[in-house]
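The lines below spell out each chain.
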Amino acid sequence: MTTAHGFASPDPTDRDLTRITADLNASRAMSTTRIRVRGSLLRAVRMFALRFAAMWRDHREAQERLAIMREPWTWEHAHWVPGECGMVLHGSTPPGHGRRGPVTTGGWCACHLLEAELSIERELRLQRR
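Residues numbered from 1 in each chain as written. Predicted model: local features only at pLDDT ≥ 70, side-chain atom pairs only at ≥ 80, totals over all residues. Heavy atoms only, no water.

Draft legend 1. Spatial organisation of the overall build of the protein. Along the backbone of the protein there are 2 helices and 4 strands. Each helix (α) and strand (β) of the protein, taken in turn from the N terminus, gives the series β-β-α-β-β-α. Working note: accessible area of the protein is about 10,500 Å², and carbon and sulfur atoms make up 61% of it. (Helix = DSSP H or I, 4+ residues; strand = E, 2+ residues; numbered from the N terminus. Areas by Shrake-Rupley, 256 points an atom, 1.4 Å probe, with all protein chains shown as cover.)

Right under this line is the structure:
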């Protein structure tokens, strides 16, 4: 016989109640473990999704830069880029119909490369003097 409530009970209903109570307690313990595992799994999936999104943005930015570098004839098309004092207009010719200037979604344009080359040339000239 099983002991229910600390004493031996000959009643089968008492034994069944004891088994049901034990099963419920075990399932509650398992459900809290499942909730913990589910929560940590959701956090891991969320972190993976955030990191993947950041990687995808970086990849897209690199692809856009590469496409701009492959088309140097578009570098003179007029385009707005964020500068130190707000938006700055680069280029002198209007872009084709339905096209925007050679700027990535992150605001990079090939003019930044040209400005960097010019500043390097200026520094070299100053060093020669």
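That was the structure; now back to the text.
Draft legend 2. Representation of the side chain of H79. Looking at the secondary structure, you find H79 in strand β3 (residues 79-83). Residues within four places of H79 in sequence aside, it is in contact with V88, L89, H90, G91, G101, P102, V103, C109 and C111. (Contact = heavy atoms within 4.5 Å.)

Draft legend 3. Region of interest: the pairing of strand β4 (residues 86-90). The pairing of β3 with β4 spans 5 bridges and is antiparallel. By the bridge assignment for β4, V81 is matched with V88. Between β3 and β4, which pair antiparallel one after the other, the connecting turn spans 2 residues. (Pairing = 2+ DSSP bridges.)

Draft legend 4. Quick look at the pattern of salt bridges. One pass over the full model with this rule turns up 1 salt bridge. In this structure, R65 and E61 form a salt bridge, with 3.6 Å as the shortest nitrogen-oxygen distance. One end of the pair is R65 and the other is E61, both in helix α1 (residues 12-69) and 4 residues apart, which spans about a single turn. Overall, the relative accessible area of 15% leaves E61 in the buried class. (Salt bridge = Lys/Arg side-chain N within 4 Å of Asp/Glu carboxyl O. Buried < 20%, exposed > 50% of the residue type's maximum accessible area, 1.4 Å probe, protein only.)

Draft legend 5. Spatial organisation of the environment of G106. With respect to the helices and strands, the residue G106 is situated in the loop between β4 and α2 (111-128). The exposure class assigned to G106 is exposed, which follows from its relative accessible area of 58%.

Draft legend 6. Quick look at the packing of aromatic side chains. Evaluation of the coordinates by the stated rule reveals 2 aromatic pairs. Between F48 and F52, the ring centres sit 6.1 Å apart and the planes meet at 25°, which makes this aromatic pair stacked. Of this pair, F48 and F52 both sit in helix α1, 4 residues apart, which is roughly one turn of the helix. Between the aromatic rings of F52 and W56, the centroid separation amounts to 6.4 Å while the plane-to-plane angle is 20°, which identifies the pairing as stacked. With F52 and W56 both in helix α1, this residue pair falls 4 residues apart, about one helical turn. Grouping aromatic residues by their ring pairs yields a cluster made of F48, F52 and W56. (Phe/Tyr/Trp six-rings, centres within 6.5 Å; stacked < 30°, edge-to-face > 60°.)

Draft legend 7. Region of the structure containing a nonpolar patch on the surface. A cluster of nonpolar side chains, F48, F52, M55 and W56, forms an exposed patch at the surface whose accessible area comes to about 480 Å². Note that M55 resides in helix α1. According to the relative accessible area criterion, M55 is partly exposed, its value standing at 47%. (Patch = residues over 30% accessible without salt bridge, like charges linked within 9 Å, V, L, I, M, F, W, Y side chains within 5 Å.)

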